[in-house]
Amino acid sequence: MHTASHYSGDQFEHCLSVIRQAATEILSLLKVHGAEAKDPRWFLQQLEQARLNLGGWANVARRLNLNDAEISDFTLQLRHLQQVVPVYERGQAVTDNQLIAALRFVAALEFVRQKQPRLKFTSLPGEDGSVHQEQAQRQMRAITLTLKALITQAFPDATRLNDSLKLQFGADNVRRWLANSDAGDILSGMLFSDLALLIVDKKAFARHYSPLFNAAAALTFLAEQRVTLHAFLEDCRVMRNAILAQRPLTTTEMVLLDNYQHQITGPVQRAFEQGRTRVNPTAFLTVDSNELSHFWENARHKDRALGGDRQPVRENIEPPKKQQIRSPEDRDQMISTVLWGAVGVVMLGMAFASLWMFNNVTPTESTAQVSEAQVDAPEREVPSPREKLANMGISWDINSLRSAIDRNDTRVTTLFLQGGMTWQLAWTEQAQSFRYDDVLELLLRYRLQMDEPKPCRRFINTLSHAMGNGESLTAVRKAYLQAFCATPAVVERQRYNVAQAKRRAAATPDTQNKKWLTIQSAIYSAIK
């Protein structure tokens, strides 16, 4: 245990060293020159300053050659790192979650370096030899086969599994998977993201897989084990695509994959040793080089046949919409409607033609009078909200609105809202942390313009982590929960989260689990 802890500490120190070097180069590129690079919190503060200097995250992203989604993911990884590691002293103990957060952010930095060639910082030290690459391939194979084995255990009857997949994904997808699969094994013809979705789907996870994972102290990186598993499997999909493309994994990716493999298969291995499942992940790691090479060649062939695994792992299965079959009466009604519509169009055309002929013979003086009246009409004196923003040099786009919210600028935010621009709950995360109540209360007054679909899962997860790091459930946060999250589905999900937190606290009554139970209960009390 001491050796493993020492190894994690060394890896974490290396990550911080890479982050400091990268922060110096990135801030220099953004024209922010200051003191020596410090901890992740300092880096985030300097990025905020760069945003203010450059006029918004869009300009920051442009300097780094990133798009809006990529800069959002980059800052999200940094915020999560500074939340789990608010203060760090050299030599202190490092948790698995802290190491994973650091590795994920280093991977995000490496992606930025790939997009912006002017960045030259070095990555984690390590050996990129074939032995380490082969071990990474073994671990990815073990994760894939563990997912398949868990699904097979939940659906031992192949016919029942195929019928279930038809209902969930549609007959066309099932036919495509069967055509690409080995005989009698439809799972072998599916993409990795589809296998992952069958595990992390909310209903499937609660019904078949939660007992395996809830009994272990793993997958606590995010608020829920299922959400954590989803995030880890999405990262695995990206790394698996690199293996399929025969691109060597970086040291960061290999260390991250090693941690993911223990987090994902560890609870299943423990359940196997306790006799609660027949799936043995350790057995999937035992494979010689020839069999491993054959596995990945076969995987590449299937991946090409399906067009590649390019889409992210979805959070829930959305069954295909069934097309309503029209009866003969419905078809007759539709034909009748179309014919009567045609008759109406003809009648309207005749009416407009008559009006045109009548107006064409009116005296020309009336036209002159109308023109004179139009010239004498007073011009509009009050500019619209959009015109006011343009006069202030602010462009009409979501990045400008997000920047105004982030800096607590109620004047600019009001103009955007009065102009009809919609907003999303996720844009208020920074304002919530900094207690910018003015702009938050303004947004609440325009709650009907909040158009983010299903915003509560992310909002509650972010709020839970913020409270876990010492922030409080303020009156404004309660108002937001009651305004957007007091729906039956969200209340039921939060009730389930409280029940899970109680089970953890009862099984392991330590300070962290008791604190987590208090947080989940407070959120539940606010929305029920």
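Residues numbered from 1 in each chain as written. Predicted model: local features only at pLDDT ≥ 70, side-chain atom pairs only at ≥ 80, totals over all residues. Heavy atoms only, no water.

Chemist: Any chance you could explain the confidence of the model for the protein here in plain terms?
Modeler: Low pLDDT marks regions whose predicted coordinates should not be analysed in detail. Taken residue by residue, the protein gives an average pLDDT of 86. The fraction at 70 or more is 90%. Mean pLDDT across the secondary structure elements of the protein bottoms out at helix H16 (residues 364-376), with 46, and peaks at helix H9 (residues 192-200), with 95. Of the regions scoring below 50 in pLDDT, residues 361-377 engages in zero contacts with residues more than four places distant in sequence or in other chains. (pLDDT = per-residue confidence, 0-100. Helix = DSSP H or I, 4+ residues; strand = E, 2+ residues; numbered from the N terminus. Contact = heavy atoms within 4.5 Å.)

Chemist: Would you mind going over the packing of helix H11 (residues 225-244) against helix H12 (residues 251-273) with me for this structure?
Modeler: The packing of two helices is summarised by the inter-axis angle and the distance between the axes. Where H11 contacts H12, the two axes come as close as 10 Å, and the packing angle between them is 140 degrees. Regarding the angle of H11 to H12, the classification is oblique. Here the hand of the crossing between H11 and H12 comes out left-handed. On the side of H11, the interface is formed by Leu229, Phe232, Leu233, Asp235, Cys236 and Met239, while H12 contributes Glu253, Leu257, Tyr260, Gln263 and Ile264. Residue composition of the contact of H11 with H12, by class: eight nonpolar, one polar and two charged. (Axes fitted to C-alpha atoms, helices over the stretch in contact; angles between N-to-C directions. Parallel < 35°, antiparallel > 145°, perpendicular 65-115°, else oblique. Left-handed = near helix turned anticlockwise from the far one by under 90°. Nonpolar A, V, L, I, M, F, W, Y, C, P; charged D, E, K, R; others polar.)

Chemist: Help me understand the state of the cysteines, please; the structure alone is not making it clear to me.
Modeler: As used in these notes, a disulfide is a covalent bond between sulfur atoms, one from each of two cysteines. The tally for this structure, following the rule as stated, stands at one disulfide. Between the sulfur of Cys456 and that of Cys485 lies a disulfide, 2.3 Å long from S to S. An S-S torsion of about -105 degrees defines the bridge between Cys456 and Cys485 as left-handed. With Cys456 in helix H22 (residues 456-468) and Cys485 in the loop between helix H23 (475-484) and helix H24 (488-507), the pair connects residues that are 29 residues apart, well separated along the chain. A relative accessible area of 4% means that Cys456 is categorised as buried. Under the relative-accessibility criterion, Cys485 is labelled buried at 0%. (Disulfide = S-S within 2.5 Å. Buried < 20%, exposed > 50% of the residue type's maximum accessible area, 1.4 Å probe, protein only.)

Chemist: I would appreciate a short explanation of the pattern of salt bridges in the present structure.
Modeler: Pairs can form between side chains of opposite charge once their charged atoms are near each other. This structure, assessed with the given rule, holds 18 salt bridges. Note that Arg141 and Glu291 form a salt bridge whose closest N and O atoms lie 3.6 Å from each other. Of this pair, Arg141 sits in helix H6 (residues 130-154) while Glu291 sits in helix H14 (residues 289-305); the two residues are 150 residues apart in sequence, bridging distant segments of the chain. A salt bridge links Glu471 to Arg477, with the shortest nitrogen-to-oxygen separation between them at 2.6 Å. Exposure remark for Glu471: the relative accessible area of 28% places this residue in the partly exposed category. Among the charged side chains, a salt-bridge network with shared partners connects Glu48, Arg51 and Arg79. (Salt bridge = Lys/Arg side-chain N within 4 Å of Asp/Glu carboxyl O.)

Chemist: Please explain H11 as it appears in this structure.
Modeler: Structurally, the α-helix is built with 3.6 residues per turn, so residues lying three or four positions apart point the same way. Between its terminal C-alpha atoms H11 stretches 28 Å, which fits the 28 Å expected from 20 residues at 1.5 Å a residue. Of all 20 residues in H11, 17 are buried, a share of seventy percent or more. After H11 finishes, the residue Gln246 shows a positive phi value of roughly 60 degrees. (Expected span 1.5 Å × (residues − 1).)

Chemist: Just checking my understanding: could you explain the packing of aromatic side chains for this structure?
Modeler: The description of an aromatic ring pair uses the distance of the two centres, along with the angle that the planes make with each other. Scanning the entire structure with this criterion turns up 13 aromatic pairs. Taking 5.7 Å as the distance between ring centres and 65 degrees as the angle between the ring planes, the aromatic pair formed by Phe434 and Tyr436 counts as edge-to-face. Residue Phe434 is classed as partly exposed on the basis of its relative accessible area of 47%. Grouping aromatic residues by their ring pairs yields a cluster made of Trp423, Phe459, Tyr480 and Phe484. (Phe/Tyr/Trp six-rings, centres within 6.5 Å; stacked < 30°, edge-to-face > 60°.)

Chemist: How do you make sense of helix H8 (residues 171-180) when you look at a structure like this?
Modeler: Taken residue by residue, H8 has Val174, Trp177 and Asn180 as its buried positions. With its buried residues spanning 130 degrees around the axis, H8 presents them on a single face. Across from the buried face of H8, at angles greater than 90 degrees, the exposed residues are Asp172, Arg175 and Ala179. In this structure, the buried side of H8 is in contact with helix H7 (158-169), H9 and H14. (Arc of directions from axis to C-beta.)

Chemist: I'm lost on the environment of Thr95 in this one. Help?
Modeler: With respect to the helices, strands and loops of the structure, Thr95 is situated in the loop between helix H4 (68-84) and helix H5 (96-115). Using a relative accessible area of 42% as the deciding quantity, one classes Thr95 as partly exposed. C-alpha of Thr95 to C-alpha of Ser8: the two residues are 87 residues apart in sequence and 8.0 Å apart in space.

Chemist: Help me understand the side chain of Gln77, please; the structure alone is not making it clear to me.
Modeler: The residue Gln77 is located in helix H4 in this model. Of the polar contacts made by the side chain of Gln77, one reaches the side chain of Arg104; its length is 3.4 Å. Among all residues touching Gln77, those that are not within four sequence positions of it are Arg104, Phe105 and Ala108. (Polar contact = N/O pair within 3.5 Å; in protein donor to acceptor, adjacent residues only side chain to side chain.)

Chemist: Explain unusual backbone geometry here, please?
Modeler: Among all residues save glycine, negative phi is the norm, and among peptide bonds the norm is trans. For Lys31, which is not glycine, the phi dihedral falls at a positive 65 degrees. Relative to the helices and strands, Lys31 is located in the loop between helix H1 (2-29) and helix H2 (40-54). With a phi close to 50 degrees, Lys454 is a non-glycine residue in the positive phi region. Relative to the assigned elements, Lys454 resides in the loop between helix H21 (437-445) and H22.

Chemist: I would appreciate a short explanation of a nonpolar patch on the surface in the present structure.
Modeler: On the surface, a nonpolar cluster with roughly 570 Å² of combined accessible area is contributed by Trp340, Val343, Val346, Met347 and Met350. Residue placement: Val343 occurs in helix H15 (residues 328-360). (Patch = residues over 30% accessible without salt bridge, like charges linked within 9 Å, V, L, I, M, F, W, Y side chains within 5 Å. Areas by Shrake-Rupley, 256 points an atom, 1.4 Å probe, with all protein chains shown as cover.)

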